[in-house]
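# Tertiary structure, described
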Amino acid sequence: VPMIPRLHVVTDDQVLARSDVVDVASGILDEYGGAVAVHIRGPSSPGRLVWDVASRVHGRSSPGALFVNDRVDVALALPGAGVHLRAASLPSDVVRDMIGATRSLGRSVRAHAVADGSLNSDPGPVDFLVAGSAFATRSHPGGHVAGVEAIGRVAGATTLPVLAIGGISADRIGVLLDAGVHGVAVLRAVWQNADPLRAVEDLLLPLRRTATAETDETGNE
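Residues numbered from 1 in each chain as written. Predicted model: local features only at pLDDT ≥ 70, side-chain atom pairs only at ≥ 80, totals over all residues. Heavy atoms only, no water.

## A word on the packing of helix 2 (residues 21-32) against helix 3 (residues 47-60)
Running from N to C, helix 2 and helix 3 point in directions that differ by 35 degrees, and their axes come no closer than 9 Å. Between helix 2 and helix 3 lies a crossing whose hand is right-handed. Across the interface between the two elements, Val21, Val22, Asp23, Ala25, Ser26, Leu29 and Asp30 from helix 2 touch Val53, Arg56, Val57 and Arg60 from helix 3. When the residues that make up the contact of helix 2 with helix 3 are grouped by side-chain class, the tally is six nonpolar, one polar and four charged. (Axes fitted to C-alpha atoms, helices over the stretch in contact; angles between N-to-C directions. Helix = DSSP H or I, 4+ residues; strand = E, 2+ residues; numbered from the N terminus. Left-handed = near helix turned anticlockwise from the far one by under 90°. Contact = heavy atoms within 4.5 Å. Nonpolar A, V, L, I, M, F, W, Y, C, P; charged D, E, K, R; others polar.)

The structure is reproduced here in structure tokens:
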């Protein structure tokens, strides 16, 4: 299984409908290689649109950092593409049997569930977790905000890499890294920026500093 990048850039239905989505996603993967993953996610989008975008990005970029969210069928048709599952999606072991051992498999968890002890301590045969919401988001006004502390508890409860999601900007990454997360997943911080590649670069700066510090301490990433 490939190394899990520290920055994951996620689409939604509105982003998938943009005329520049393939160019931007491919540009991110081409520019930043294994440091960034792109998730093709469209929970309410037709399967044909998800396939169209994912296959075009796959054809223009290295496939190792490309994930298809929840559409296991689309991912299976793209050699090397990873899969990311919602908390309420198919069981991880079922999907692992479908995609094999060499593709990356991630799963979202509800970080606030840690506080009441209801988080499944065994998320199944996945390679990383995405926990949220770290901060309030405009896409989910009034939605539950788990907060940094709860996401830190998720990171402390598992040996898997944990990515924080929800309202994340470059200046908020430091506190999340201090809480123990491996990295972050973002949507609007990149897709609503006039210069998406510059936004990715700004987000990578604190993540790279942490990676460098860990390498200095351990001798390996």
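## What about the pattern of salt bridges?
As enumerated under the stated definition, the model contains ten salt bridges in all. As a salt-bridge pair, aspartate 20 and arginine 18 come within 2.9 Å of each other at their nearest N and O atoms. A salt bridge links arginine 71 to aspartate 73; the shortest N-O distance between them is 2.9 Å. Looking at arginine 71, the relative accessible area reads 30%, which means it is partly exposed. Note on aspartate 73: relative accessible area 45%, which makes it partly exposed. (Salt bridge = Lys/Arg side-chain N within 4 Å of Asp/Glu carboxyl O. Buried < 20%, exposed > 50% of the residue type's maximum accessible area, 1.4 Å probe, protein only.)

## Details of the packing of aromatic side chains
Per the counting criterion, the structure on display carries one aromatic pair. Pairing phenylalanine 67 with phenylalanine 128 gives two aromatic rings, centres 5.5 Å apart and planes at 85 degrees, and the pair type is edge-to-face. Of this pair, phenylalanine 67 sits in strand 3 (residues 66-69) while phenylalanine 128 is found in strand 6 (residues 128-132), placing the two residues 61 residues apart along the sequence. In terms of burial, phenylalanine 67 and phenylalanine 128 fall into one category: buried. Across from the ring centre of phenylalanine 135, 4.2 Å away, lies the NZ or CZ of arginine 172, which sits over that ring. (Phe/Tyr/Trp six-rings, centres within 6.5 Å; stacked < 30°, edge-to-face > 60°. Lys NZ or Arg CZ within 6 Å of the ring centre and 35° of its normal.)

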